[in-house]
Amino acid sequence: MPPDMKDPVLMRSAPFLLDRLAQAGMRDVVTVEPATGGLAALAGIATRREAPSVFVKAFAEAPDDDVFVAEVEGLAALRELGGVVTPEVILVDRELLVLSVLRPRPRSEAFWERFAHMLARLHLSTTHPRFGWHRDNWLGRRRQTNGWHDDGFTFFAQHRLLRWLGEPRVEAALDRSDRAALERLCDRLPDLLPDRPACLTHGDLWAQNVLATADGQPALIDPAVSYLWAEVDLAHVWSTAPPPEAQRFFAVYAELTSLDGDWQARMPIVQLRQHLAVLAQFDDDWGAADQIRATLAPFRTRS
């Protein structure tokens, strides 16, 4: 979908990004066309006089100095450890990230089947004895706390679910019974989810972060990596309205990874992490609060 140039945020983003690029020494940029789809940063495609166009993004107010450095590290980990195709990093500093331009993904089952092979290879080839990551990184505008844990259930409960309860928007949206139900669910995670090994996960794998190279190969952007359960990535694809042609992805991924037949029933629990993150960061939560309450319903006390 082309950007709505009547959107005041998009109208301001082009001159803002032009200025940031000039400050970073890229003075051959002619125009910046604002890009839609991202939710945390301003982004666009910058046309240059004597070089290929580039993708650029920046924060009007960066949440911290390490946001883009952590993102670049995540891209490198996916590429070097898991064989995932990622954009080339052209420039990175605390205020700006410039990448090679990728293309919108094609609307074909064959593309999604290739993506299933890529994601399965990532998950199967990067198993790790511990859960976490060697540093914190970022999910949108919120810090993703990591550290290392031997137990995946404890890590997921503390750093991916309960961690969001202190956020002001979450406190406003969820009442005391909601929060108590989430705590009960966390206590029961070993009974609700299978005991799986950790592997390298993208960590923010909604459909907008799946793009394509010039020759139509799947490529990923905007990671929030950690060693966690593979189903964190699967749940995000499953729960964020994938297009009809993506159905082949799930069948192929399940076959390649020997996924059991109950995986779909687990998706709402695993996806709680992402619903909580959306609720914490955006005024329009796109139904996240309702999804959270529906998933928590079985964990409420009965009077």
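Residues numbered from 1 in each chain as written. Predicted model: local features only at pLDDT ≥ 70, side-chain atom pairs only at ≥ 80, totals over all residues. Heavy atoms only, no water.

Under the counting rule described, the total for this entry stands at 16 aromatic pairs. Where Phe-156 meets Trp-229, the ring centres are 5.1 Å apart and the plane angle is 45°; that geometry is what we call tilted. Highlighted residues: Phe-156 in helix H4 (residues 152-161) and Trp-229 in the loop between strand E13 (226-228) and helix H8 (231-239), separated in sequence by 73 residues. Residues Phe-156 and Trp-229 agree in their burial class; the two are buried. Within the aromatic cluster, the residues linked to one another by ring pairs are Phe-111, Trp-112, Phe-115, Trp-238, Phe-249, Phe-250, Tyr-253 and Trp-263. Directly above the aromatic system of Trp-164 lies the positively charged group of Arg-163, at a separation of 3.8 Å from the ring centroid. (Phe/Tyr/Trp six-rings, centres within 6.5 Å; stacked < 30°, edge-to-face > 60°. Helix = DSSP H or I, 4+ residues; strand = E, 2+ residues; numbered from the N terminus. Buried < 20%, exposed > 50% of the residue type's maximum accessible area, 1.4 Å probe, protein only. Lys NZ or Arg CZ within 6 Å of the ring centre and 35° of its normal.)

Counting buried residues along strand E5 (residues 96-100), four of its five residues qualify, which places the element largely inside the surrounding structure. Count of turn residues in the strand E4 (residues 89-92)/E5 antiparallel hairpin: three residues. (Pairing = 2+ DSSP bridges.)

In this section: the pattern of salt bridges. Enumeration according to the criterion identifies 21 salt bridges in this entry. Here Asp-178 makes a salt bridge to Arg-300, at a shortest N to O gap of 2.5 Å. Taken together, the residues Asp-178 in helix H6 (residues 176-187) and Arg-300 in the segment after helix H12 (288-296) connect sequence positions 122 residues apart. (Salt bridge = Lys/Arg side-chain N within 4 Å of Asp/Glu carboxyl O.)

As a further point, take the domain arrangement of the protein chain. Along its sequence, the protein chain is carved into domain 1 (8-100) and domain 2 (109-299). In this assembly, 26 residues from domain 1 lie in contact with 29 residues from domain 2. With both chains or domains summed, domain 1 and domain 2 bury close to 2,200 Å², and 65% of this area falls on carbon and sulfur atoms. At the surface where domain 1 touches domain 2, the tally comes to four salt bridges. The residue Arg-143 makes a salt bridge to Asp-64 at a minimum N-O spacing of 2.9 Å. For the pair domain 1 and domain 2, the interface holds 10 residue pairs in polar contact (both at pLDDT 80 or more). (Domains from an automatic or database assignment. Contact = heavy atoms within 4.5 Å. Buried area = accessible area lost by both parts, 1.4 Å probe. Polar contact = N/O pair within 3.5 Å; in protein donor to acceptor, adjacent residues only side chain to side chain.)

With that settled, consider the sheet that holds E4. Pairing in this open sheet of five strands is antiparallel, and the strands run E1-E2-E3-E5-E4 from one edge to the other. The outermost strands of the open sheet, each flanked by one partner alone, are strand E1 (29-34) and E4. Neighbouring strand axes in the sheet, compared pairwise and without regard to direction, differ in orientation by 25° on average. Here E4 pairs with E5 via three bridges, running antiparallel. Within E5, the residue paired with Val-89 across the bridge is Leu-99. (Axes fitted to C-alpha atoms, helices over the stretch in contact; angles between N-to-C directions.)

Attention now goes to the side chain of Asn-137. Positionally, Asn-137 belongs in strand E7 (residues 137-139). Among the polar contacts listed, one links the side chain of Asn-137 to the backbone oxygen of Val-225, at a separation of 2.8 Å. With sequence-adjacent residues up to four places away left out, Asn-137 is seen in contact with Ala-70, Arg-142, Arg-143, Gln-144, Asn-146, Ala-224 and Val-225.

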